[in-house]
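So you can see what is in the structure, the chains are spelled out below.
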Amino acid sequence: MDWTPESKVLVQGINEPLASHYAAEMKAYGTNVVAGVCAGWGGEHLHEIPVFDLVEQALEEVGEVDVSLIFANPYWALDAALEAIAAGIARIILISSGVPPLDMVRLVKKAQATGTLVLGPGSAGIIVPDTILLGTVSPQYYSAGTVGLISRMNCPTYEVALALTQAGLGQSIAIHLGTGGIAGSNFERWLQILEKDKTTEAIILIGQPGSSNEETAASYIATAINKPVIAYLPGIHAPVGQRLEDATAIVAANLSVPAPDTSTAKQKIAAFEKAKVTVAKRPSQIPDLVTKALKKK
Amino acid sequence: MDLLEYQAKELFREIGIPVLPSQRIDDSRNLKRLQIPYPVVLKSQVRAGGRGRAGGIRFVENTIDAIAAARTIFNLSILGEYPQLLLAEARYDAEQEFFLAVVLDYKLQRPVLLGSSRGGMEGEVVLKQMQKVVVEDEFSPFYARRLALGMGLQGSQLQAVSTTTEKMYQLMLEKDLNSVEINPLGINANGEVMALDGKVQLNDSALGRHDDLISLVASSRGTEGQRGTGANKPTHLLRTWAPGHLCTETSAPGHLGTSAQKPPHLGTWAPSHSSDSPSQPRRLDWRDKQGNVGIISNDVDLALASWDLLSQEKGKLARCLVVAEEIPGNLLLTPSVTEQIGQALEQLLEVPETKVVLVNILCSPGAAQAVAEAIAEYLKPQQEETSAQGGEERQLSPTGTALRSPKERSSRSRSSRSSSSPKAEPQFVIRLVGGELDSVKERLVTMPVHWTDNLEEAVTQTVSLAWTK
């Protein structure tokens, strides 16, 4: 994925206080925020960013954009995303959190049909250190380098970035998949992108303890990823409950029958080990694991 | 959140899924005014499963029996839950009982239809016969027919079951539900179906756009309130979305956050709104047995990472709070944040077992400074507030003044921490990255406060303090 400081960025729902704040932050980082969209605000400017009523109007004026960031009220996030897809925008980052899951089901189906890349909901966005900031990522923990981060967690990603930066290991990119139950894109999609990415030499996967996505990612890594991968699953040592994701497991729980295939912490770690992925116990271990993995290559 | 059976059945009735005539009973004496002819079945309205086996469902033939049975059910706790209401329902002669469900499958990211030709209370039997149809694309009735056929049904049964499944799906979509379950779905000699029990799980993040569901839930809460229990406080309702916050309704550019437009919502921080809807720290339900460490963080995932490290070092969590959650990314300096930190410290110290408080806040250097100030403000050694100018002097050096411990402060306030307890003062481990913290550190030099900018060091220190006698 070729992110450059020239990549053109649209902000939908720019009237939201959060959007306004981060539009300014992104601009200050050097991100090329070319337009904002909010119905009823067409013709205004915010932080010198022109605002349009409709996405298609914005594109008429500024040309094609590389990505749209959606900050809209979660109940309008689906509409905003569909508007972006209709206008032909190929990448969408849903910053809005709390998007109803059935809205996400519709969006995921639509995006699969159109080949649109959707990140989120509840995503902090993407950062390519020293190049581009997309979303609400805090840039101060990052430095440019060759380690790629893909994360389902928010702040623990900063802990990992901070540990790497302090050890002199910079990052090629950090991707926040978002914390929503139904996410627009998963680990596999981004592992594939980072496998091809020329700058990225090692990948760190930061996963949620209560979900099963990480195991799917582990089997994908075993078959499709050659670059070294290190996993960090903050919370896996804490006694938090599993989230039931599978329909049969959900009704089994209602019937007071033990769910057949809930994934335990042990199973998860075993899945990664099977895929030759080291699971870091703590952020401070990660720089060493990266260095070792890169030497082995 | 799960609806009670009678609430689920209200939704069934609305959408056209057959349900029996029934009446809500909130007091056993009201059975004298029962409109439904005997025999009836009385059902405890609890969310817990297994109420039938626990004795929460009783068949009665007359008023005297009904009143006695109702008294028993009202006093019967099912997995710790007492009913606030009973449902009195007509009896139904089912020839066969099926299981039907429509569930959002998070793994497949699709709704799934589930059906079993063996409905009822024997969970394992139900599951063994379970059929599953994934609604891959836009729903159409053939998905429901595919399920019914898979269940081995034919003729009028096939039609009746697939029509019911269609309506369940429609209900799920219309009301943004996580799941709709009918178990059992009774089917009589004429092939007519009847939803004999129902489970509906709402989706909390979608609830804000369904006023009817909010009032459905609130109506039962009202009854619960009258009965004087607070078992199911609707706290999550406070945190849900208010609908209709269209961007076209807000004020002009340049006046962000100053409009009178209500309400600010999740995922958004609204500086000027903070006064009329102050954010509160969120208390997570995490804890270990015999926990003595309190954690405050500004991100639920970071709190989890902290608990993870704590567990690895054999520390035990007593209570965990998340502050300033409404602000993703870098903490922004709003008065609400400062306030929340004070509230969170207070809430941790309410737990008498708390020996160490670990504050782990990851934010910009400027915000780190403000957080440190907020902590100092809460913990600072205080002057006796005797003189008139005391308020002003408090801003200056506290050297040589009488100290008042946080515990005493706390017990003086509304909180319940007992000042008579002879135990040691709680210790504080503060992890902040960046910021000019020296002056704050100096001010708290007499207090049991430990500073670090490293998470793992903070956890190690916390655990060693927690194990110190």
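Residues numbered from 1 in each chain as written. Chains lettered and ligands numbered in written order. Predicted model: local features only at pLDDT ≥ 70, side-chain atom pairs only at ≥ 80, totals over all residues. Heavy atoms only, no water.

## Let's talk about the overall build of chain B
Move 1: When helices and strands are tallied, chain B shows 15 helices and 16 strands.
Move 2: Expressed as a percentage of the 469 residues in chain B, the buried residues total 53%.
Move 3: For chain B, long-range pairs separated by at least 24 residues make up 64% of all intrachain contacts whose partners lie at least 6 apart in sequence.
Move 4: When the accessible surface of chain B is totalled, it reaches about 21,200 Å², and 49% of it is carbon and sulfur. (Helix = DSSP H or I, 4+ residues; strand = E, 2+ residues; numbered from the N terminus. Buried < 20%, exposed > 50% of the residue type's maximum accessible area, 1.4 Å probe, protein only. Contact = heavy atoms within 4.5 Å. Areas by Shrake-Rupley, 256 points an atom, 1.4 Å probe, with all protein chains shown as cover.)

## Topic: the sheet that holds strand β8 (residues 125-128) of chain A
Backbone hydrogen bonds are what pair the strands of a sheet, in a parallel or an antiparallel way.
Residue and element names in this part refer to chain A.
Move 1: Across the sheet, 7 strands lie side by side as β9-β8-β11-β10-β12-β13-β14; this open sheet has mixed pairing. Lying at the two open borders of the sheet, with one neighbouring strand each, are β9 (132-135) and β14 (278-280). Averaged over neighbouring strand pairs, the angle between their axes works out to 20° when direction is ignored.
Move 2: Across the sheet, helix α1 (residues 17-29) is in contact with β8 and β9; its angle to β9 comes to roughly 170°. (Pairing = 2+ DSSP bridges. Axes fitted to C-alpha atoms, helices over the stretch in contact; angles between N-to-C directions.)

## Some words on the packing of aromatic side chains
Residue and element names in this part refer to chain B.
Move 1: Considering all chains together, one arrives at 6 aromatic pairs over all chains under this definition.
Move 2: Judged by centre distance (6.1 Å) and plane angle (25°), the rings of Phe139 and Tyr143 are stacked.
Move 3: Note on Phe139: relative accessible area 22%, which makes it partly exposed.
Move 4: Taking the relative accessible area as the measure of exposure, Tyr143 reaches 6% and is therefore buried. (Phe/Tyr/Trp six-rings, centres within 6.5 Å; stacked < 30°, edge-to-face > 60°.)

## Notes on the environment of Ile15 of chain B
Residue and element names in this part refer to chain B.
Move 1: Within the fold, Ile15 resides in helix α1 (residues 5-15).
Move 2: The spacing of Ile15 and Ala206 is 191 residues in sequence and 19 Å in space, taken between C-alpha atoms.
Move 3: In this view, Ile15 contacts Lys167, Gln170, Leu171 and Glu174; residues no more than four positions away in its chain are not counted.

## Some thoughts on the pattern of salt bridges
Residue and element names in this part refer to chain B.
Move 1: Applying the stated rule across the entire model yields 19 salt bridges over all chains.
Move 2: The salt bridge partner of Lys175 is Glu14, with a shortest N-O separation of 3.7 Å. On the criterion of sequence distance, the pair formed by Lys175 in helix α6 (residues 155-175) and Glu14 in helix α1 is long-range, its members being 161 residues apart.
Move 3: Since its relative accessible area comes to 10%, Lys175 is described here as buried.
Move 4: Assessed through its relative accessible area of 58%, Glu14 is described here as exposed.
Move 5: Glu373 is the salt-bridge partner of Arg443, the closest N and O atoms lying 3.4 Å from each other. Residue Arg443 is found in helix α14 (residues 438-443), and its partner Glu373 is found in helix α11 (residues 365-379); the two are separated by 70 residues along the sequence. (Salt bridge = Lys/Arg side-chain N within 4 Å of Asp/Glu carboxyl O.)

## A closer look at helix α5 (residues 155-166) of chain A
Residue and element names in this part refer to chain A.
Move 1: For α5, spanning 12 residues, the distance from its first C-alpha to its last is 17 Å, which sits close to the expected 16 Å at 1.5 Å a residue.
Move 2: Within α5, 10 of the 12 residues are buried, which leaves it mostly tucked inside the rest of the structure.
Move 3: Among all positions in α5, only Cys155, Pro156, Thr157, Tyr158, Glu159, Val160, Ala161, Leu162, Ala163 and Leu164 are buried.
Move 4: Gly168 sits one or two residues past α5 and shows a positive phi near 80°. (Expected span 1.5 Å × (residues − 1).)

## Points about the pairing of β8 of chain A
All names here are of chain A.
Move 1: In β8, alternate side chains face the same way, and those of Gly125 and Ile127 on one face and Ile126 and Val128 on the other are all buried.
Move 2: The pairing of β8 with β9 spans 4 bridges and is classified as antiparallel. Each bridged residue has a counterpart across the sheet, and for Gly125 the counterpart in β9 is Gly135.
Move 3: Relative to strand β11 (residues 171-176), β8 runs antiparallel, the two sharing 2 bridges. Bridging from a neighbouring strand, Ile127 pairs with Ala174 of β11.

## Structural notes on the confidence of the model for chain B
Should the pLDDT be low somewhere, the predicted coordinates at that spot are not to be read in detail.
Residue and element names in this part refer to chain B.
Move 1: When pLDDT is averaged across chain B, the result is 80; 76% of the residues are at 70 or more.
Move 2: In this model residues 222-277 is a low-confidence stretch, pLDDT under 50, and it forms 94 contacts with partners more than four residues away in sequence or in other chains.
Move 3: Taken together, the stretch residues 407-422 has pLDDT below 50 and engages in 26 contacts with residues farther than four places along the chain or on a different chain.
Move 4: Across the interfaces of the predicted complex, the ipTM metric reaches 0.92, alongside a pTM of 0.85. (pLDDT = per-residue confidence, 0-100.)

## A look at the interface of chain A and chain B
Move 1: Across the boundary between the two partners, chain A contributes 70 residues, which contact 78 residues of chain B.
Move 2: Summed over both sides, the interface between chain A and chain B buries roughly 6,200 Å², with carbon and sulfur atoms accounting for 61% of that surface.
Move 3: In terms of surface lost to chain B, no three residues of chain A exceed Tyr75, Leu102 and Leu255 of chain A, which account for 12% of the buried area on that side.
Move 4: Seen at the junction of chain A and chain B, the total is 4 salt bridges. (Buried area = accessible area lost by both parts, 1.4 Å probe.)

## Observations regarding the environment of Ala206 of chain B
Move 1: When you line up the elements, Ala206 of chain B lands in the loop between β10 (199-202) and α7 (211-226).
Move 2: Along the backbone, Ala206 of chain B and Tyr38 of chain B are 168 residues apart, and their C-alpha atoms lie at a distance of 40 Å.
Move 3: Excluding residues that lie within four positions of it along the chain, Ala206 of chain B makes contacts with Tyr75 and Pro100 of chain A together with Asp176 of chain B.

## Points about the packing of helix α9 (residues 300-312) of chain B against helix α15 (residues 455-467) of chain B
Residues and elements named next belong to chain B.
Move 1: Running from N to C, α9 and α15 point in directions that differ by 50°, and their axes come no closer than 9 Å. The orientation of α9 with respect to α15, classified from their angle, is oblique. Relative to α15, the crossing made by α9 is right-handed. Two secondary-structure elements touch here, α9 through Ser306, Leu309 and Leu310 and α15 through Leu455, Glu456, Val459, Thr462 and Val463.
Move 2: Of the residues in the contact of α9 with α15, the class split is 5 nonpolar, 2 polar and 1 charged. (Parallel < 35°, antiparallel > 145°, perpendicular 65-115°, else oblique. Left-handed = near helix turned anticlockwise from the far one by under 90°. Nonpolar A, V, L, I, M, F, W, Y, C, P; charged D, E, K, R; others polar.)

## Some details on α9 of chain B
Residues spaced three or four apart along an α-helix face the same direction, because each turn holds 3.6 residues.
Move 1: With 13 residues, α9 of chain B ought to run about 18 Å at 1.5 Å a step, and its terminal C-alpha atoms sit 18 Å apart, in line with that.
Move 2: Listing the buried residues of α9 of chain B in full gives Asp301, Leu302, Ala303, Leu304, Ala305, Ser306, Trp307, Asp308, Leu309, Leu310, Ser311 and Gln312 of chain B.
Move 3: Residues of α9 of chain B that are buried make contact with α5 and β13 (229-232) of chain A together with β12 (293-297), β13 (317-322), β14 (356-361) and α15 of chain B.
Move 4: Just downstream of α9 of chain B, Lys314 of chain B is the residue with a positive phi angle, here 65°.

## Here's the deal with the sheet that holds strand β5 (residues 67-70) of chain A
All names here are of chain A.
Move 1: Taken in spatial order, the 7 strands line up as β3-β4-β2-β1-β5-β6-β7 in an open sheet, and their pairing is mixed. Looking at the sheet topology across the chains shown, the edges are occupied by β3 (45-46) and β7 (117-119).
Move 2: Where strand β6 (residues 91-94) lies against β7, 3 bridges are found, and the strand directions are parallel. Its bridge partner lying in β7, Ile92 is registered against Val118.

## Focus: unusual backbone geometry
Move 1: The omega torsion across Gly120 of chain A and Pro121 of chain A is 15°, close enough to zero to call that bond cis.
Move 2: One can find Pro121 of chain A in the loop between β7 and β8.
Move 3: Residues Asn183 of chain B and Pro184 of chain B are joined by a peptide bond in cis, for which omega reads 5°.
Move 4: One can find Pro184 of chain B in strand β8 (residues 177-187).

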